[in-house]
Amino acid sequence: LNDVEIQHPGIFYKPAGIALGAQAELDATKEEFRVLKLKLTLADATLEGQASGKIIETATPGSAEQGAAVIDFKAHSNKISLAKISELSPLAKQAKLNGYLELSVRASGPTDRLDYGADIKLNQMRIQHDLLSQELEVNGVLAIVTDQIKNLNLSFWGESITYNYN
């Protein structure tokens, strides 16, 4: 999809020639699946992961009820340049977004009560905008666990914010 142009006026613009793609290596049977390799790419950002799952029979023998799916999914990004990604968004470009972001995501358990989480790391994320009296630099880590912010550690303008949910 590198040669495809995608546009949502004022929000997102991927011109032809910018990397966009997905790759996957899969193995599946009627009862199980495995994603041996998953790779999603947009510009210089890459998310790589693996997944597996199986159908657990919850129905009584001979009934037509469907079994429940149980999955295990993990993925992580490279160190993403926010300056390069912001070239795809007029809003981010206007804010002169810079710095780096790293992302790690996971999900596991039965699909009807899935546990999931994400870790987001911001490194020297800088924003310069006419609405700000000075450049804003943010460093921090955000940890999300199944619909809750578990940890938040941010520093900006010489101040620190720490939130831990136990």
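Below you will find a few notes about this structure. (Residues numbered from 1 in each chain as written. Predicted model: local features only at pLDDT ≥ 70, side-chain atom pairs only at ≥ 80, totals over all residues. Heavy atoms only, no water.)

### Observations concerning the packing of aromatic side chains
Rules: Only Phe, Tyr and Trp rings are paired, with Trp represented by its six-membered ring, and only when their centres lie within 6.5 Å; those with planes under 30 degrees apart are stacked, over 60 edge-to-face, the remainder tilted. Burial classes follow relative accessibility: with a 1.4 Å probe on protein chains only, a residue under 20% of its type's maximum area counts as buried, one over 50% as exposed, and anything between as partly exposed. Criterion for a charge above a ring: Lys NZ or Arg CZ within 6 Å of the ring centre, and within 35 degrees of the ring normal.
Scanning the entire structure with this criterion turns up 1 aromatic pair. Ring geometry for F156 versus W157: centroids 6.3 Å apart, planes at 70°, classification edge-to-face. Take F156: its relative accessible area is 23%, and that puts it in the partly exposed class. Directly above the aromatic system of Y100 lies the positively charged group of K79, at a separation of 5.0 Å from the ring centroid.

### What about a nonpolar patch on the surface?
Operational definition: Patch definition: residues above 30% relative accessible area lacking any salt bridge, with like charges linked at up to 9 Å and the nonpolar side chains Val, Leu, Ile, Met, Phe, Trp and Tyr linked at up to 5 Å. For the accessible areas, the method is Shrake-Rupley and the probe is 1.4 Å, while residue cover comes only from the protein chains on display. One speaks of a salt bridge when a side-chain nitrogen belonging to Lys or Arg is within 4 Å of a carboxyl oxygen belonging to Asp or Glu.
Taken together, the side chains of L1, V4 and I6 define a hydrophobic patch exposed on the protein surface, amounting to about 250 Å² of accessible area. Relative accessible area serves as the criterion here: at 33%, I6 is assigned to the partly exposed category.

### Here's the deal with the nonpolar core
Most often, soluble globular proteins keep nonpolar side chains buried together rather than apart. Condition: In this description, a nonpolar core means a group of buried Ala, Val, Leu, Ile, Met, Phe, Trp, Tyr and Cys residues linked to one another through side-chain atoms lying within 4.5 Å. Helix and strand definitions follow DSSP, with helices as H or I runs of at least four residues and strands as E runs of at least two, each counted in order from the N terminus. By the convention used here, residues are in contact when the closest approach between their heavy atoms is within 4.5 Å.
Grouped together as the largest cluster of nonpolar side chains are 7 residues: L82, A95, L122, M125, I127, L136 and V138. For this core, the secondary structure elements donating two or more residues are β9 (115–127) and β10 (136–145). The leading source of residues in this core is β9, at 3 residues. If we ignore the near neighbours within four places in the chain, the residues touching M125 are L82, L97, N98, G99, L136, E137 and V138.

### Side note on the pairing of strand β6 (residues 68–77)
Note the following rule: One requirement defines pairing of two strands: DSSP has to find at least two bridges between them.
Note that strand β5 (residues 45–56) and β6 share 10 bridges and pair antiparallel. Bridge pairing in β6 links G53 to I71. Summarising the sheet, β6 and strand β8 (residues 98–110) pair through 7 bridges and their orientation is antiparallel. Counterpart to A75 in the pairing with β8 is V105.

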